[in-house]
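Reading the structure
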Amino acid sequence: MSPEGLGLNSDVIEGPSRRHLRTRVLFETLRYLDPWLVLAVAALTGFGLWILFGAVQGTPHLLAAADRQVTWFFISLAAMAAALLVDYQWLKRLAPYAYIANLLLLIVVLFAGRTVNGATSWLRFGPLSFQPSETMKIATVMMLAQWYAHRPGGVQRLRDLAGPALLCGAPALLVLRQPDLGTASLFGILFLAMLFWAGCRRWIFGGLIGGGALVCISLYPFLKTYQKERLLTFIDPFRDPQGAGYNVIQSMIAVGSGGLSGRGWGEGTQAVFHYLPEAHTDFIFASAIEQTGLIGAIVIFGLYGVVFWRMLATVQVARDRFGALLVVGLGAIVMGHVFMNVGMTIGLFPVTGLPLPFLSYGGSFLFAMHVLVGLVLNVSMRRFVFARRGG
């Protein structure tokens, strides 16, 4: 509870008494921490580290990368704790500053970024590399939540789309320049998800879907050669089995070879013998199924199901429109990553390079995912706190 929620006026409480009251408020809100979401995320992260170490056995430089992932895990836990302890109402005020700061970092990346696998997406800070596009997604959700929270009528006219479209379009274009088509597409997914929940006329929403499809088709001539090959490989992976189709084919072999219970930890031939490229990042799901089989797939999907269930429950009980919109956008990020990553692994979607939440190697991605969960927990555990005037 806030002091107001406890029936007290914090304006007349001073000094130690006020600090004591705030401590009491914090402990009261922590009582409502969502245990299901915490346990599901903890299980996914732990399972991901276990699978990651199994996938990199016998490869010294990848083992060192897995060790760095453990370091990032502890950094991410601290960030998640910080994200859930501060009342999320402050995010409404901080949203513009966070959005502009992350946008500036994306601009810096274009001129001073580090290139990995053909994409200039990284900034180096001492021994660690950081991908600003990961935190940019969260900052964009915060900004859109603030935008729609002050416009309860949602989108009733086409011109009402201008602001949200600009907020999502600017970072998407900068990410596309890196180039990172998969991450850029995530901004479109969260834009549509938050637009739908905020309220939008059906003809406008339908027009956006149709218009977006036409735009995607019209952008094909401007794609990089490797991006075109990925799309053509999606239609027929075997048209170039040793080239563009190689990753998808090896991924499907890894998934199929897992059987019911898998080959065992560190025993998957596709990953361990490097037939499966990026087995620790983009194709971690294929590596997981090769090691644990259908049973492992059921466990993974079950845990993601719990995460989505608790996010949906949080949307329904959020104390205000801003909190609900915040969780809708954050949930869209997680669901977008899961469906697109798993889909590309089994040949249902084109290869986009999107990692799998809590499982794929990547420090900044793991960091962003835990901050995201911290914000969802923040909204959930403050559901009984009275909204402040104007919130």
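See the structure shown above.
Residues numbered from 1 in each chain as written. Predicted model: local features only at pLDDT ≥ 70, side-chain atom pairs only at ≥ 80, totals over all residues. Heavy atoms only, no water.

**Examining the overall build of the chain**
- Scanning the chain from N- to C-terminus turns up 14 helices and three strands.
- Within the span of the chain, comprising 391 residues, buried residues form 51% of the whole.
- Looking at the chain as shown, the accessible area adds up to about 18100 Å², and 68% of this sits on carbon and sulfur atoms. (Helix = DSSP H or I, 4+ residues; strand = E, 2+ residues; numbered from the N terminus. Buried < 20%, exposed > 50% of the residue type's maximum accessible area, 1.4 Å probe, protein only. Areas by Shrake-Rupley, 256 points an atom, 1.4 Å probe, with all protein chains shown as cover.)

**A short note on the environment of Val108**
- Along the chain, Val108 turns up in helix H4 (residues 89-112).
- On the basis of relative accessibility, which here comes to 40%, the residue Val108 falls in the partly exposed class.
- The spacing of Val108 and Trp122 is 14 residues in sequence and 9.8 Å in space, taken between C-alpha atoms.
- In contact with Val108, other than residues within four places in its own chain, are Gly113 and Leu123. (Contact = heavy atoms within 4.5 Å.)

**Here's the deal with the side chain of Asp320**
- As for its placement among the helices and strands, Asp320 is situated in the loop between helix H12 (284-317) and helix H13 (321-345).
- Within the buried set, Asp320 has no salt-bridge partner at all; the shortest N-O distance to an opposite charge, 4.2 Å, is to Arg319.
- At a separation of 2.9 Å, a polar atom in the side chain of Asp320 contacts the side chain of Tyr88.
- At a separation of 2.8 Å, a polar atom in the side chain of Asp320 contacts the main-chain amide nitrogen of Gly323. (Lys, Arg positive; Asp, Glu negative; His and termini not counted. Salt bridge = Lys/Arg side-chain N within 4 Å of Asp/Glu carboxyl O. Polar contact = N/O pair within 3.5 Å; in protein donor to acceptor, adjacent residues only side chain to side chain.)

**Considerations on a nonpolar patch on the surface**
- Residues Leu30, Leu85, Val86, Trp90, Leu94 and Tyr97 make up a contiguous nonpolar surface patch of roughly 580 Å² in combined accessible area.
- Per element, the largest residue contribution to the nonpolar patch is three residues, and it comes from H4.
- Among the secondary structure elements, Trp90 is positioned in helix H4.
- Using a relative accessible area of 40% as the deciding quantity, one classes Trp90 as partly exposed. (Patch = residues over 30% accessible without salt bridge, like charges linked within 9 Å, V, L, I, M, F, W, Y side chains within 5 Å.)

**Here's the deal with helix H6 (residues 162-176)**
- In this model H6 runs 20 Å from its N-terminal to its C-terminal C-alpha over 15 residues, within 8% of the 21 Å that 1.5 Å per residue would give.
- Inspection of H6 places Gly163, Pro164, Leu167, Cys168, Pro171, Ala172, Leu174 and Val175 among the buried residues, and these make up the whole buried set.
- Check the buried side of H6 and you find it contacts H4, helix H5 (132-149) and helix H7 (181-198). (Expected span 1.5 Å × (residues − 1).)

**Here we look at the packing of aromatic side chains**
- Per the stated rule, a full pass over the model turns up ten aromatic pairs.
- Ring geometry for Trp72 versus Phe367: centroids 6.3 Å apart, planes at 75 degrees, classification edge-to-face. One end of the pair, Trp72, is in helix H3 (residues 60-85); the other, Phe367, is in helix H14 (residues 363-381), with 295 residues separating them in the sequence.
- Both rings, one in Phe308 and one in Phe339, keep their centres 6.5 Å apart while their planes meet at 15 degrees; by these two values the pair is stacked. (Phe/Tyr/Trp six-rings, centres within 6.5 Å; stacked < 30°, edge-to-face > 60°.)

**A look at the pattern of salt bridges**
- In the structure shown here, the tally under the stated rule is four salt bridges.
- The salt bridge partner of Asp34 is Arg310, with a shortest N-O separation of 2.7 Å. Linking Asp34 in the loop between helix H1 (15-30) and helix H2 (35-55) with Arg310 in helix H12, this pair joins segments that are 276 residues apart in sequence. An identical accessibility class is assigned to Asp34 and Arg310; each is buried.
- Across the pair Lys137 and Glu134 runs a salt bridge whose closest N-O atoms are separated by 2.8 Å. Highlighted residues: Lys137 and Glu134, both in helix H5, separated by three residues, approximately one helical turn.
- In this structure Lys137 comes out as buried when scored by relative accessible area, which is 1%.
- Residue Glu134 is classed as buried on the basis of its relative accessible area of 3%.

**A look at the sheet that holds strand S3 (residues 128-130)**
- On the basis of which strands lie adjacent, the open sheet formed by three strands has the order S1-S2-S3 and antiparallel pairing. A strand with exactly one partner marks an edge of an open sheet, and here the two such strands are strand S1 (114-116) and S3. Taken over all neighbouring pairs, the strand axes of this sheet differ in orientation by 50 degrees on average, direction set aside.
- Of the pairings in the sheet, the one linking S1 to strand S2 (residues 119-125) comprises three bridges and is antiparallel in character. Note that in S2 the partner of Val116 across the bridge is Ala119. (Pairing = 2+ DSSP bridges. Axes fitted to C-alpha atoms, helices over the stretch in contact; angles between N-to-C directions.)

**Some words on the nonpolar core**
- Ranked by size, the top nonpolar core spans 83 residues in total, and within it Leu190, Met194, Tyr304, Leu330, Leu359 and Leu372 carry the most contacts.
- No other element matches the 13 residues that H12 contributes to this core.
- Excluding residues that lie within four positions of it along the chain, Leu372 makes contacts with Ile138, Met311, Leu330, Ile333 and Val334.
- By size, the runner-up hydrophobic cluster in this structure holds nine residues, among which are Val248, Ala271, Phe283 and Val351. (Core = buried A, V, L, I, M, F, W, Y, C linked by side-chain atoms within 4.5 Å.)

**Remarks on the packing of H5 against H14**
- Between H5 and H14, the least distance of the axes is 8 Å, while the angle of their chain directions is 20 degrees. When the interaxial angle is binned, H5 and H14 end up roughly parallel. Remark: the crossing between H5 and H14 carries right-handed chirality. Touching Glu134, Thr135 and Ile138 of H5 are Ser364, Phe365, Phe367, Ala368, Val371, Leu372 and Leu375, all from H14.
- For the contact of H5 with H14, the residue count by class is seven nonpolar, two polar and one charged. (Parallel < 35°, antiparallel > 145°, perpendicular 65-115°, else oblique. Left-handed = near helix turned anticlockwise from the far one by under 90°. Nonpolar A, V, L, I, M, F, W, Y, C, P; charged D, E, K, R; others polar.)

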